Amino acid sequence: MENFKSSTGMYAIALLIIAFIVAQSMFFIIKSWKHGKELGIKKETLVNTVTSSILFTIAPAISILVTVFVLAKALGIVLPWIRLTVIGNLAYETVAAETALNNLGGSLSSEITDPVQFSTVAWAMTIGAIFPLTFLPLVCKKLQKAIGGAVNKDEKSAKVGDIISASAFIGIISAFIARAINGCSTQTSTDGIKLVTESSGFISISTLICAIILMLLFTLICKKASWGAKAEPFAMPLAMFCAMGFAVLLTKVVPADISGFTWYTIGEELKTLL
Amino acid sequence: MKNTEKNYFDKVHVWGTVWNYIALVVMFIVPIGISVLLKSWPTLSVLGKVLVTLIPLYWVTAIVEVATYVPMLGAGGTYLSFVTGNISNLKLPCGLNAMENAKVRPNTEEGEVISTIAIAVSSLTTTVVIAVGVLAFSKVFSSASSNPTFAAAFNNVLPALFGALGASYFIKHWKLAFVPVITGIVMLLISPTMGVGILMFITIVASIIGALVIYKADFGPFLKGLSKKNK
(Lines give C-alpha, C1' and ligand atoms only; values in the text may rest on other atoms or scores of the structure.)
Protein backbone atom coordinates (compact mmCIF):
# COMPACT_ATOMS: atom_id res chain seq x y z
CA MET A 1 0.00 0.00 0.00
CA GLU A 2 3.04 2.29 0.50
CA ASN A 3 3.22 3.07 -3.24
CA PHE A 4 -0.48 3.91 -3.57
CA LYS A 5 0.29 7.50 -4.66
CA SER A 6 1.96 6.35 -7.87
CA SER A 7 0.19 3.09 -8.64
CA THR A 8 -0.74 2.00 -12.17
CA GLY A 9 -4.33 3.08 -11.46
CA MET A 10 -3.15 6.61 -10.63
CA TYR A 11 -1.19 6.76 -13.90
CA ALA A 12 -4.30 5.55 -15.76
CA ILE A 13 -6.31 8.45 -14.29
CA ALA A 14 -3.52 10.86 -15.31
CA LEU A 15 -3.58 9.52 -18.88
CA LEU A 16 -7.36 9.97 -19.07
CA ILE A 17 -7.01 13.62 -17.99
CA ILE A 18 -4.23 14.24 -20.51
CA ALA A 19 -6.29 12.63 -23.28
CA PHE A 20 -9.19 14.90 -22.41
CA ILE A 21 -7.07 18.09 -22.43
CA VAL A 22 -5.44 17.12 -25.75
CA ALA A 23 -8.84 16.35 -27.31
CA GLN A 24 -10.39 19.63 -26.15
CA SER A 25 -7.40 21.74 -27.21
CA MET A 26 -7.18 20.06 -30.64
CA PHE A 27 -10.92 20.53 -31.17
CA PHE A 28 -10.66 24.28 -30.54
CA ILE A 29 -7.47 24.65 -32.63
CA ILE A 30 -9.09 22.92 -35.64
CA LYS A 31 -12.33 24.94 -35.39
CA SER A 32 -10.53 28.25 -34.87
CA TRP A 33 -7.99 27.57 -37.64
CA LYS A 34 -10.78 26.78 -40.09
CA HIS A 35 -12.68 29.91 -39.15
CA GLY A 36 -9.49 31.99 -39.25
CA LYS A 37 -9.03 30.94 -42.89
CA GLU A 38 -12.67 31.80 -43.65
CA LEU A 39 -12.05 35.26 -42.18
CA GLY A 40 -9.01 35.69 -44.43
CA ILE A 41 -6.41 35.63 -41.66
CA LYS A 42 -3.06 34.87 -43.31
CA LYS A 43 -1.58 31.39 -42.74
CA GLU A 44 1.65 33.11 -41.65
CA THR A 45 -0.23 34.92 -38.83
CA LEU A 46 -1.80 31.67 -37.63
CA VAL A 47 1.54 29.82 -37.74
CA ASN A 48 3.22 32.72 -35.88
CA THR A 49 0.50 32.52 -33.21
CA VAL A 50 1.28 28.82 -32.70
CA THR A 51 5.07 29.32 -32.64
CA SER A 52 5.07 32.31 -30.31
CA SER A 53 2.55 30.64 -27.97
CA ILE A 54 4.76 27.54 -27.68
CA LEU A 55 7.83 29.67 -26.93
CA PHE A 56 5.87 31.88 -24.57
CA THR A 57 4.61 28.87 -22.61
CA ILE A 58 7.87 27.00 -22.04
CA ALA A 59 9.26 29.05 -19.10
CA PRO A 60 5.97 29.31 -17.13
CA ALA A 61 5.31 25.60 -17.82
CA ILE A 62 8.71 24.70 -16.35
CA SER A 63 7.80 26.81 -13.34
CA ILE A 64 4.49 24.84 -13.05
CA LEU A 65 6.53 21.64 -13.31
CA VAL A 66 8.60 22.82 -10.36
CA THR A 67 5.37 23.18 -8.35
CA VAL A 68 4.50 19.58 -9.28
CA PHE A 69 7.81 18.48 -7.77
CA VAL A 70 7.32 20.64 -4.67
CA LEU A 71 3.89 19.07 -4.04
CA ALA A 72 5.25 15.62 -4.93
CA LYS A 73 7.17 15.46 -1.65
CA ALA A 74 3.87 15.08 0.23
CA LEU A 75 1.39 13.91 -2.43
CA GLY A 76 3.49 11.73 -4.73
CA ILE A 77 4.13 12.72 -8.33
CA VAL A 78 0.83 11.72 -9.99
CA LEU A 79 -1.82 13.75 -8.11
CA PRO A 80 0.03 17.11 -8.46
CA TRP A 81 0.64 16.23 -12.14
CA ILE A 82 -3.10 15.68 -12.66
CA ARG A 83 -4.11 18.74 -10.64
CA LEU A 84 -1.75 21.10 -12.46
CA THR A 85 -2.93 19.80 -15.83
CA VAL A 86 -6.63 20.55 -15.20
CA ILE A 87 -7.84 23.78 -13.60
CA GLY A 88 -4.70 23.71 -11.47
CA ASN A 89 -2.88 26.83 -10.57
CA LEU A 90 0.46 27.42 -8.88
CA ALA A 91 -0.98 29.16 -5.82
CA TYR A 92 -4.34 27.40 -5.54
CA GLU A 93 -3.12 23.80 -5.43
CA THR A 94 -0.56 24.47 -2.73
CA VAL A 95 -3.07 26.31 -0.52
CA ALA A 96 -5.83 23.71 -1.07
CA ALA A 97 -3.53 20.79 -0.23
CA GLU A 98 -2.03 22.57 2.78
CA THR A 99 -5.49 23.55 4.14
CA ALA A 100 -6.74 19.98 3.79
CA LEU A 101 -3.63 18.55 5.43
CA ASN A 102 -3.69 21.07 8.29
CA ASN A 103 -7.25 19.97 9.07
CA LEU A 104 -6.02 16.38 9.13
CA GLY A 105 -3.10 17.26 11.38
CA GLY A 106 -0.46 17.06 8.65
CA SER A 107 1.41 19.42 6.35
CA LEU A 108 2.94 19.54 2.88
CA SER A 109 6.40 19.25 4.37
CA SER A 110 5.84 15.61 5.27
CA GLU A 111 4.85 12.65 3.09
CA ILE A 112 1.22 11.42 3.22
CA THR A 113 1.09 7.76 4.13
CA ASP A 114 -2.61 7.51 4.98
CA PRO A 115 -4.91 6.78 1.96
CA VAL A 116 -7.85 8.54 3.67
CA GLN A 117 -5.80 11.74 4.01
CA PHE A 118 -4.77 11.38 0.37
CA SER A 119 -8.33 10.99 -0.91
CA THR A 120 -9.49 13.91 1.29
CA VAL A 121 -6.84 16.14 -0.33
CA ALA A 122 -7.95 15.00 -3.81
CA TRP A 123 -11.64 15.76 -3.03
CA ALA A 124 -10.82 19.15 -1.46
CA MET A 125 -8.66 20.21 -4.42
CA THR A 126 -11.39 19.20 -6.88
CA ILE A 127 -14.45 20.71 -5.16
CA GLY A 128 -12.57 23.92 -4.37
CA ALA A 129 -11.68 24.38 -8.03
CA ILE A 130 -14.80 23.38 -9.95
CA PHE A 131 -17.02 26.39 -9.25
CA PRO A 132 -16.10 28.38 -12.41
CA LEU A 133 -17.04 25.36 -14.56
CA THR A 134 -20.55 25.28 -13.10
CA PHE A 135 -21.46 28.91 -13.72
CA LEU A 136 -19.23 29.93 -16.65
CA PRO A 137 -21.63 28.57 -19.33
CA LEU A 138 -24.50 30.49 -17.70
CA VAL A 139 -22.81 33.91 -17.86
CA CYS A 140 -20.16 33.73 -20.59
CA LYS A 141 -22.49 34.34 -23.55
CA LYS A 142 -24.38 37.19 -21.87
CA LEU A 143 -21.17 38.87 -20.74
CA GLN A 144 -19.56 38.61 -24.15
CA LYS A 145 -22.68 39.82 -26.00
CA ALA A 146 -23.05 42.84 -23.72
CA ILE A 147 -19.42 43.89 -24.12
CA GLY A 148 -19.10 42.95 -27.79
CA GLY A 149 -22.37 44.73 -28.66
CA ALA A 150 -21.31 47.93 -26.91
CA VAL A 151 -17.80 48.22 -28.35
CA ASN A 152 -18.38 46.97 -31.91
CA LYS A 153 -21.41 49.17 -32.69
CA ASP A 154 -19.66 51.86 -34.78
CA GLU A 155 -16.21 53.39 -35.36
CA LYS A 156 -16.34 55.65 -32.29
CA SER A 157 -17.45 52.78 -30.08
CA ALA A 158 -14.66 50.64 -31.55
CA LYS A 159 -12.11 53.32 -30.58
CA VAL A 160 -13.52 53.39 -27.05
CA GLY A 161 -13.43 49.58 -27.08
CA ASP A 162 -9.73 49.71 -28.01
CA ILE A 163 -9.01 52.11 -25.14
CA ILE A 164 -10.98 49.97 -22.65
CA SER A 165 -9.21 46.79 -23.85
CA ALA A 166 -5.79 48.43 -23.60
CA SER A 167 -6.52 49.84 -20.14
CA ALA A 168 -7.89 46.48 -18.92
CA PHE A 169 -4.77 44.71 -20.29
CA ILE A 170 -2.58 47.25 -18.55
CA GLY A 171 -4.65 46.81 -15.37
CA ILE A 172 -3.92 43.06 -15.42
CA ILE A 173 -0.22 43.54 -16.09
CA SER A 174 -0.03 46.25 -13.39
CA ALA A 175 -1.26 43.83 -10.71
CA PHE A 176 1.69 41.52 -11.42
CA ILE A 177 4.14 44.39 -11.74
CA ALA A 178 2.99 45.69 -8.34
CA ARG A 179 3.43 42.19 -6.87
CA ALA A 180 6.98 42.03 -8.27
CA ILE A 181 7.69 45.40 -6.65
CA ASN A 182 6.16 44.96 -3.18
CA GLY A 183 4.12 41.76 -2.91
CA CYS A 184 4.53 38.82 -0.59
CA SER A 185 2.99 35.42 0.20
CA THR A 186 2.37 33.92 3.61
CA GLN A 187 1.42 30.64 5.18
CA THR A 188 -0.49 30.44 8.45
CA SER A 189 1.32 28.39 11.07
CA THR A 190 -0.43 25.90 13.36
CA ASP A 191 -0.64 28.62 16.06
CA GLY A 192 -2.31 31.04 13.64
CA ILE A 193 0.70 33.26 12.87
CA LYS A 194 1.13 34.48 9.26
CA LEU A 195 4.66 33.49 8.24
CA VAL A 196 6.24 35.02 5.13
CA THR A 197 7.06 32.37 2.49
CA GLU A 198 7.91 34.64 -0.47
CA SER A 199 8.61 38.34 -0.82
CA SER A 200 9.58 40.73 -3.56
CA GLY A 201 12.84 42.60 -3.20
CA PHE A 202 16.10 43.32 -4.99
CA ILE A 203 16.06 40.32 -7.35
CA SER A 204 12.37 40.51 -8.34
CA ILE A 205 12.55 44.27 -9.02
CA SER A 206 15.83 43.89 -10.96
CA THR A 207 14.36 41.03 -13.04
CA LEU A 208 11.29 43.14 -13.79
CA ILE A 209 13.37 46.16 -14.89
CA CYS A 210 15.68 43.94 -16.95
CA ALA A 211 12.70 42.33 -18.74
CA ILE A 212 11.20 45.77 -19.53
CA ILE A 213 14.50 47.16 -20.88
CA LEU A 214 15.26 44.05 -22.95
CA MET A 215 11.77 43.97 -24.44
CA LEU A 216 12.03 47.65 -25.42
CA LEU A 217 15.46 46.97 -26.95
CA PHE A 218 14.27 43.88 -28.87
CA THR A 219 11.19 45.76 -30.12
CA LEU A 220 13.45 48.54 -31.40
CA ILE A 221 15.75 46.03 -33.12
CA CYS A 222 12.76 44.26 -34.72
CA LYS A 223 11.53 47.60 -36.09
CA LYS A 224 14.92 48.66 -37.48
CA ALA A 225 16.25 45.35 -38.86
CA SER A 226 15.18 44.02 -42.26
CA TRP A 227 14.43 40.59 -40.68
CA GLY A 228 12.61 42.29 -37.77
CA ALA A 229 9.05 41.34 -38.69
CA LYS A 230 9.94 37.62 -38.70
CA ALA A 231 11.72 37.90 -35.34
CA GLU A 232 8.96 39.88 -33.59
CA PRO A 233 7.05 36.87 -32.13
CA PHE A 234 10.29 35.70 -30.49
CA ALA A 235 11.06 39.03 -28.79
CA MET A 236 8.88 38.41 -25.73
CA PRO A 237 9.98 34.87 -24.87
CA LEU A 238 13.62 35.89 -25.46
CA ALA A 239 13.30 38.94 -23.16
CA MET A 240 11.66 36.72 -20.54
CA PHE A 241 14.38 34.03 -20.66
CA CYS A 242 17.19 36.63 -20.61
CA ALA A 243 15.62 38.36 -17.58
CA MET A 244 15.42 35.00 -15.76
CA GLY A 245 19.09 34.46 -16.63
CA PHE A 246 19.84 37.94 -15.28
CA ALA A 247 18.23 36.93 -11.95
CA VAL A 248 20.63 33.96 -11.78
CA LEU A 249 23.59 36.19 -12.68
CA LEU A 250 22.68 38.70 -9.94
CA THR A 251 22.56 36.03 -7.25
CA LYS A 252 26.04 34.95 -8.34
CA VAL A 253 27.80 38.32 -8.65
CA VAL A 254 26.03 40.69 -6.22
CA PRO A 255 26.90 40.33 -2.49
CA ALA A 256 24.38 38.10 -0.72
CA ASP A 257 23.17 40.82 1.68
CA ILE A 258 22.12 42.95 -1.33
CA SER A 259 20.86 40.21 -3.67
CA GLY A 260 19.00 38.57 -0.78
CA PHE A 261 17.20 41.78 0.22
CA THR A 262 13.41 41.37 0.46
CA TRP A 263 10.80 43.78 1.86
CA TYR A 264 9.46 41.09 4.19
CA THR A 265 11.78 38.67 5.96
CA ILE A 266 11.19 35.08 4.77
CA GLY A 267 10.21 32.69 7.55
CA GLU A 268 9.31 35.47 9.99
CA GLU A 269 5.91 36.79 11.06
CA LEU A 270 4.35 39.21 8.54
CA LYS A 271 4.64 42.86 9.58
CA THR A 272 3.13 45.34 7.14
CA LEU A 273 5.32 48.14 5.81
CA LEU A 274 2.79 50.86 6.66
CA MET B 1 -22.16 42.52 -35.50
CA LYS B 2 -22.21 40.61 -38.79
CA ASN B 3 -24.48 37.64 -39.26
CA THR B 4 -21.59 35.17 -39.67
CA GLU B 5 -20.03 36.63 -36.54
CA LYS B 6 -23.23 36.00 -34.62
CA ASN B 7 -23.32 32.41 -35.85
CA TYR B 8 -19.68 31.77 -35.05
CA PHE B 9 -19.89 33.18 -31.51
CA ASP B 10 -23.07 31.15 -30.88
CA LYS B 11 -21.30 27.99 -32.06
CA VAL B 12 -18.32 28.68 -29.78
CA HIS B 13 -20.66 29.02 -26.81
CA VAL B 14 -22.34 25.69 -27.62
CA TRP B 15 -18.96 23.92 -28.01
CA GLY B 16 -17.61 25.60 -24.88
CA THR B 17 -20.63 24.63 -22.79
CA VAL B 18 -20.51 20.98 -23.91
CA TRP B 19 -16.74 20.67 -23.26
CA ASN B 20 -17.17 22.51 -19.99
CA TYR B 21 -19.71 20.03 -18.62
CA ILE B 22 -17.71 17.03 -19.90
CA ALA B 23 -14.72 18.55 -18.05
CA LEU B 24 -16.79 18.73 -14.89
CA VAL B 25 -17.49 14.97 -15.12
CA VAL B 26 -13.83 14.22 -15.94
CA MET B 27 -12.71 16.33 -12.96
CA PHE B 28 -14.80 14.24 -10.58
CA ILE B 29 -13.37 11.02 -12.00
CA VAL B 30 -10.10 11.97 -10.25
CA PRO B 31 -11.24 11.93 -6.58
CA ILE B 32 -13.83 9.19 -7.23
CA GLY B 33 -11.18 7.06 -8.97
CA ILE B 34 -8.68 7.64 -6.15
CA SER B 35 -11.26 6.77 -3.46
CA VAL B 36 -12.30 3.61 -5.34
CA LEU B 37 -8.70 2.55 -6.03
CA LEU B 38 -7.64 3.05 -2.42
CA LYS B 39 -10.98 1.99 -0.95
CA SER B 40 -10.68 5.13 1.17
CA TRP B 41 -13.35 7.81 1.22
CA PRO B 42 -12.97 11.10 3.09
CA THR B 43 -14.95 11.74 6.28
CA LEU B 44 -17.67 14.24 5.41
CA SER B 45 -17.11 16.31 8.57
CA VAL B 46 -13.38 16.76 7.82
CA LEU B 47 -14.00 17.48 4.13
CA GLY B 48 -16.73 19.96 5.13
CA LYS B 49 -14.30 21.78 7.46
CA VAL B 50 -11.70 22.05 4.68
CA LEU B 51 -14.24 23.29 2.15
CA VAL B 52 -15.61 25.91 4.56
CA THR B 53 -12.12 27.45 4.46
CA LEU B 54 -11.50 26.97 0.74
CA ILE B 55 -14.85 27.84 -0.84
CA PRO B 56 -15.13 31.49 0.31
CA LEU B 57 -11.52 31.98 -0.71
CA TYR B 58 -11.76 30.52 -4.20
CA TRP B 59 -15.37 30.79 -5.26
CA VAL B 60 -15.51 34.55 -4.71
CA THR B 61 -12.27 34.94 -6.65
CA ALA B 62 -13.74 32.72 -9.39
CA ILE B 63 -16.66 35.14 -9.91
CA VAL B 64 -14.26 38.08 -10.22
CA GLU B 65 -12.03 36.08 -12.56
CA VAL B 66 -14.87 35.11 -14.91
CA ALA B 67 -15.99 38.76 -15.13
CA THR B 68 -12.39 39.81 -15.81
CA TYR B 69 -11.29 37.15 -18.28
CA VAL B 70 -14.33 36.80 -20.59
CA PRO B 71 -13.94 40.30 -22.09
CA MET B 72 -10.19 39.81 -22.48
CA LEU B 73 -9.90 36.25 -23.80
CA GLY B 74 -13.15 35.82 -25.68
CA ALA B 75 -15.46 32.83 -25.38
CA GLY B 76 -13.28 29.98 -26.72
CA GLY B 77 -10.21 31.19 -24.81
CA THR B 78 -12.18 31.53 -21.57
CA TYR B 79 -13.84 28.09 -21.78
CA LEU B 80 -10.46 26.49 -22.46
CA SER B 81 -8.64 28.49 -19.80
CA PHE B 82 -11.06 27.60 -17.03
CA VAL B 83 -10.64 23.89 -17.80
CA THR B 84 -6.86 23.87 -18.15
CA GLY B 85 -6.09 26.38 -15.37
CA ASN B 86 -3.00 28.51 -14.75
CA ILE B 87 -4.88 31.46 -16.23
CA SER B 88 -3.33 34.56 -14.71
CA ASN B 89 0.25 33.26 -14.81
CA LEU B 90 0.11 31.72 -18.29
CA LYS B 91 -3.07 31.53 -20.42
CA LEU B 92 -4.05 35.19 -20.03
CA PRO B 93 -0.64 36.71 -20.88
CA CYS B 94 -0.25 34.16 -23.69
CA GLY B 95 -3.62 35.12 -25.23
CA LEU B 96 -2.89 38.84 -24.85
CA ASN B 97 0.56 38.45 -26.41
CA ALA B 98 -0.86 36.53 -29.39
CA MET B 99 -3.56 39.16 -30.05
CA GLU B 100 -0.96 41.91 -29.75
CA ASN B 101 1.38 40.16 -32.25
CA ALA B 102 -1.45 39.47 -34.69
CA LYS B 103 -2.71 43.07 -34.30
CA VAL B 104 -6.28 41.99 -33.56
CA ARG B 105 -8.48 43.07 -30.68
CA PRO B 106 -10.69 41.11 -28.31
CA ASN B 107 -14.45 40.79 -28.90
CA THR B 108 -13.95 40.51 -32.65
CA GLU B 109 -14.01 37.28 -34.64
CA GLU B 110 -10.30 37.67 -35.45
CA GLY B 111 -9.47 38.20 -31.77
CA GLU B 112 -11.56 35.18 -30.84
CA VAL B 113 -9.71 32.96 -33.35
CA ILE B 114 -6.19 34.11 -32.39
CA SER B 115 -6.83 34.03 -28.64
CA THR B 116 -8.38 30.54 -28.80
CA ILE B 117 -5.51 29.12 -30.88
CA ALA B 118 -2.92 30.67 -28.53
CA ILE B 119 -4.57 29.31 -25.40
CA ALA B 120 -5.15 25.85 -26.88
CA VAL B 121 -1.51 25.66 -28.04
CA SER B 122 -0.39 26.87 -24.61
CA SER B 123 -2.51 24.16 -22.92
CA LEU B 124 -0.97 21.47 -25.15
CA THR B 125 2.55 22.78 -24.56
CA THR B 126 2.03 22.87 -20.78
CA THR B 127 0.62 19.33 -20.83
CA VAL B 128 3.63 18.09 -22.82
CA VAL B 129 6.19 19.93 -20.67
CA ILE B 130 4.68 18.60 -17.43
CA ALA B 131 4.25 15.04 -18.77
CA VAL B 132 7.79 14.87 -20.18
CA GLY B 133 9.18 16.50 -17.04
CA VAL B 134 7.39 14.09 -14.73
CA LEU B 135 8.16 10.96 -16.73
CA ALA B 136 11.71 11.68 -17.85
CA PHE B 137 13.33 14.33 -15.70
CA SER B 138 11.75 14.12 -12.26
CA LYS B 139 15.08 13.39 -10.53
CA VAL B 140 17.07 16.00 -12.48
CA PHE B 141 14.44 18.74 -12.03
CA SER B 142 13.90 18.04 -8.36
CA SER B 143 17.56 18.77 -7.68
CA ALA B 144 17.70 21.65 -10.22
CA SER B 145 14.69 23.45 -8.76
CA SER B 146 16.07 23.23 -5.24
CA ASN B 147 19.52 24.39 -6.41
CA PRO B 148 19.78 28.04 -5.26
CA THR B 149 21.23 29.12 -8.63
CA PHE B 150 18.30 27.82 -10.70
CA ALA B 151 15.81 28.71 -7.95
CA ALA B 152 16.49 32.41 -8.66
CA ALA B 153 15.32 31.87 -12.25
CA PHE B 154 12.24 29.78 -11.35
CA ASN B 155 11.21 32.16 -8.55
CA ASN B 156 11.25 35.11 -10.92
CA VAL B 157 9.27 33.77 -13.87
CA LEU B 158 6.37 36.18 -13.22
CA PRO B 159 8.41 39.42 -12.94
CA ALA B 160 10.25 38.40 -16.15
CA LEU B 161 7.03 37.48 -17.96
CA PHE B 162 4.99 40.54 -16.97
CA GLY B 163 7.96 42.91 -17.33
CA ALA B 164 8.39 41.84 -20.95
CA LEU B 165 4.65 41.80 -21.65
CA GLY B 166 4.19 45.15 -19.87
CA ALA B 167 6.91 46.83 -21.93
CA SER B 168 5.11 46.06 -25.20
CA TYR B 169 1.92 47.70 -23.87
CA PHE B 170 3.53 50.58 -21.99
CA ILE B 171 5.42 51.71 -25.08
CA LYS B 172 2.10 52.30 -26.85
CA HIS B 173 -0.09 53.39 -23.94
CA TRP B 174 2.39 54.84 -21.44
CA LYS B 175 -0.17 57.39 -20.23
CA LEU B 176 -2.45 54.60 -19.04
CA ALA B 177 0.21 52.78 -17.01
CA PHE B 178 0.73 55.13 -14.04
CA VAL B 179 -2.67 54.88 -12.33
CA PRO B 180 -2.97 51.05 -12.17
CA VAL B 181 0.67 50.42 -11.24
CA ILE B 182 0.55 52.99 -8.41
CA THR B 183 -2.86 51.66 -7.28
CA GLY B 184 -1.44 48.11 -7.17
CA ILE B 185 1.59 49.20 -5.14
CA VAL B 186 -0.58 51.15 -2.67
CA MET B 187 -3.03 48.23 -2.29
CA LEU B 188 -0.12 45.89 -1.50
CA LEU B 189 1.29 48.36 1.03
CA ILE B 190 -2.08 48.21 2.80
CA SER B 191 -2.60 44.47 2.32
CA PRO B 192 0.65 42.76 1.24
CA THR B 193 -0.89 39.29 0.87
CA MET B 194 -3.91 40.37 -1.21
CA GLY B 195 -4.73 37.56 -3.69
CA VAL B 196 -3.84 38.29 -7.29
CA GLY B 197 -7.47 37.78 -8.44
CA ILE B 198 -8.76 40.59 -6.22
CA LEU B 199 -5.73 42.82 -6.84
CA MET B 200 -6.16 42.40 -10.59
CA PHE B 201 -9.82 43.38 -10.38
CA ILE B 202 -8.88 46.57 -8.47
CA THR B 203 -6.07 47.53 -10.88
CA ILE B 204 -8.33 46.94 -13.90
CA VAL B 205 -11.01 49.21 -12.42
CA ALA B 206 -8.35 51.83 -11.58
CA SER B 207 -6.92 51.55 -15.08
CA ILE B 208 -10.30 52.03 -16.77
CA ILE B 209 -11.12 55.00 -14.52
CA GLY B 210 -7.71 56.47 -15.41
CA ALA B 211 -8.47 55.92 -19.12
CA LEU B 212 -11.88 57.62 -18.68
CA VAL B 213 -10.15 60.73 -17.36
CA ILE B 214 -7.33 60.74 -19.93
CA TYR B 215 -9.55 60.04 -22.94
CA LYS B 216 -12.56 62.08 -21.75
CA ALA B 217 -13.20 63.37 -25.27
CA ASP B 218 -13.59 59.85 -26.71
CA PHE B 219 -15.61 58.43 -23.83
CA GLY B 220 -18.16 61.30 -23.61
CA PRO B 221 -20.23 60.47 -26.73
CA PHE B 222 -19.91 56.71 -26.07
CA LEU B 223 -21.26 56.97 -22.51
CA LYS B 224 -24.08 59.27 -23.71
CA GLY B 225 -25.00 56.67 -26.33
CA LEU B 226 -25.06 53.93 -23.69
CA SER B 227 -27.26 55.90 -21.30
CA LYS B 228 -29.72 56.72 -24.15
CA LYS B 229 -29.86 53.02 -25.02
CA ASN B 230 -30.62 52.12 -21.40
CA LYS B 231 -33.45 54.67 -21.23
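Residues numbered from 1 in each chain as written. Chains lettered and ligands numbered in written order. Predicted model: local features only at pLDDT ≥ 70, side-chain atom pairs only at ≥ 80, totals over all residues. Heavy atoms only, no water.

### Let's talk about the overall build of chain B
Phase 1 of the analysis: Counting secondary structure elements, chain B contains 10 helices and zero strands.
Phase 2 of the analysis: Start at the N end of chain B and walk to the C end: the helices and strands fall as α-α-α-α-α-α-α-α-α-α.
Phase 3 of the analysis: Classification of the 231 residues of chain B by burial places 58% in the buried group.
Phase 4 of the analysis: Counting only carbon and sulfur atoms, one obtains 72% of the accessible surface of chain B, whose full area is about 9,500 Å². (Helix = DSSP H or I, 4+ residues; strand = E, 2+ residues; numbered from the N terminus. Buried < 20%, exposed > 50% of the residue type's maximum accessible area, 1.4 Å probe, protein only. Areas by Shrake-Rupley, 256 points an atom, 1.4 Å probe, with all protein chains shown as cover.)

### Points about the pattern of salt bridges
Phase 1 of the analysis: Under the criterion given, the structure shown has two salt bridges over all chains.
Phase 2 of the analysis: In this structure, the salt-bridge partner of Lys141(A) is Asp10(B), at a minimum N-O distance of 3.5 Å. Of this pair, Lys141(A) sits in helix α6 (residues 131-151) while Asp10(B) sits in helix α1 (residues 3-38), which puts the two residues in different chains. (Salt bridge = Lys/Arg side-chain N within 4 Å of Asp/Glu carboxyl O.)

### Some points on unusual backbone geometry
Trans is the common state for peptide bonds, and a negative phi is the common state for residues other than glycine.
Residues and elements named next belong to chain B.
Phase 1 of the analysis: One non-glycine residue, Asn86, lies in the positive phi region at around 50°.
Phase 2 of the analysis: Along the polypeptide, Asn86 turns up in the loop between α2 (44-84) and α3 (87-102).
Phase 3 of the analysis: Classification of Asn86 as buried rests on a relative accessible area of 1%.
Phase 4 of the analysis: For Lys103, which is not glycine, the phi torsion reads 55° and is therefore positive.
Phase 5 of the analysis: Secondary-structure assignment places Lys103 in the loop between α3 and α4 (109-136).
Phase 6 of the analysis: A relative accessible area of 64% means that Lys103 is categorised as exposed.

### What about the interface of chain B and chain A?
Phase 1 of the analysis: Contacts between the two partners involve 148 residues from chain B, matched on the other side by 150 residues from chain A.
Phase 2 of the analysis: For the pairing of chain B and chain A, the buried interface totals around 13,800 Å² over both sides, and the portion due to carbon and sulfur atoms is 79%.
Phase 3 of the analysis: Joining chain B to chain A, the criterion identifies 10 residue pairs in polar contact (both at pLDDT 80 or more).
Phase 4 of the analysis: Along the lines of polarity and charge, the residues of the side of chain B that touches chain A split into 99 nonpolar, 40 polar and nine charged. (Contact = heavy atoms within 4.5 Å. Buried area = accessible area lost by both parts, 1.4 Å probe. Polar contact = N/O pair within 3.5 Å; in protein donor to acceptor, adjacent residues only side chain to side chain. Nonpolar A, V, L, I, M, F, W, Y, C, P; charged D, E, K, R; others polar.)

### Quick look at the confidence of the model for chain A
Phase 1 of the analysis: Confidence along chain A averages 85 in pLDDT terms, with 92% of residues attaining 70 or more.
Phase 2 of the analysis: Of all helices and strands in chain A, the one with the weakest mean pLDDT is helix α4 (residues 90-103) of chain A (73), whereas helix α1 (residues 8-39) of chain A scores best (95). (pLDDT = per-residue confidence, 0-100.)

### Considerations on the environment of Val50(A)
Residue and element names in this part refer to chain A.
Phase 1 of the analysis: Residue placement: Val50 occurs in helix α2 (residues 43-75).
Phase 2 of the analysis: Residue Val50 is classed as partly exposed on the basis of its relative accessible area of 21%.
Phase 3 of the analysis: C-alpha separation for the pair Val50 and His35, spaced 15 residues apart in sequence, amounts to 15 Å.

### Focus: the state of the cysteines
Phase 1 of the analysis: Within this structure, the stated rule accounts for zero disulfides over all chains.
Phase 2 of the analysis: In this model Cys140(A) remains outside any disulfide bridge; the closest cysteine sulfur is found in Cys94(B), 18 Å from its own.
Phase 3 of the analysis: Residue classification places Cys140(A) among the buried residues on the basis of a relative accessible area of 0%.
Phase 4 of the analysis: There is no disulfide at Cys210(A), and the cysteine sulfur nearest it, in Cys242(A), is 7.4 Å away. (Disulfide = S-S within 2.5 Å.)

### Considerations on a nonpolar patch on the surface
Phase 1 of the analysis: On the surface, a nonpolar cluster with roughly 600 Å² of combined accessible area is contributed by Trp174(B), Phe178(B), Val179(B), Ile182(B), Val186(B) and Ile190(B).
Phase 2 of the analysis: Checked against the element boundaries, Val179(B) lands in helix α8 (residues 174-190). (Patch = residues over 30% accessible without salt bridge, like charges linked within 9 Å, V, L, I, M, F, W, Y side chains within 5 Å.)

### Some points on helix α8 (residues 202-224) of chain A
Phase 1 of the analysis: Compared with the 33 Å implied by 1.5 Å per residue over 23 residues, the 33 Å span of α8(A) between its first and last C-alpha is a close match.
Phase 2 of the analysis: Listed in full, the buried residues belonging to α8(A) are Ile203(A), Ser204(A), Ser206(A), Thr207(A), Leu208(A), Cys210(A), Ala211(A), Leu214(A), Met215(A), Phe218(A), Thr219(A) and Cys222(A). (Expected span 1.5 Å × (residues − 1).)

### Things to note about the packing of aromatic side chains
Phase 1 of the analysis: Inspection of every chain in the model, using the stated rule, returns 15 aromatic pairs over all chains.
Phase 2 of the analysis: Measuring from ring centre to ring centre gives 6.1 Å for Trp123(A) and Trp41(B), while their planes differ by 40°; the resulting arrangement is tilted. Taken as a pair, Trp123(A) in helix α5 (residues 115-129) and Trp41(B) in the loop between α1 and α2 lie in two separate chains rather than in one.
Phase 3 of the analysis: The buried category is assigned to Trp123(A), whose relative accessible area is 12%.
Phase 4 of the analysis: Among the aromatic residues, ring-to-ring pairing joins Phe20(A), Phe27(A), Phe28(A), Tyr8(B), Phe9(B), Trp15(B) and Trp19(B) into one connected group. (Phe/Tyr/Trp six-rings, centres within 6.5 Å; stacked < 30°, edge-to-face > 60°.)

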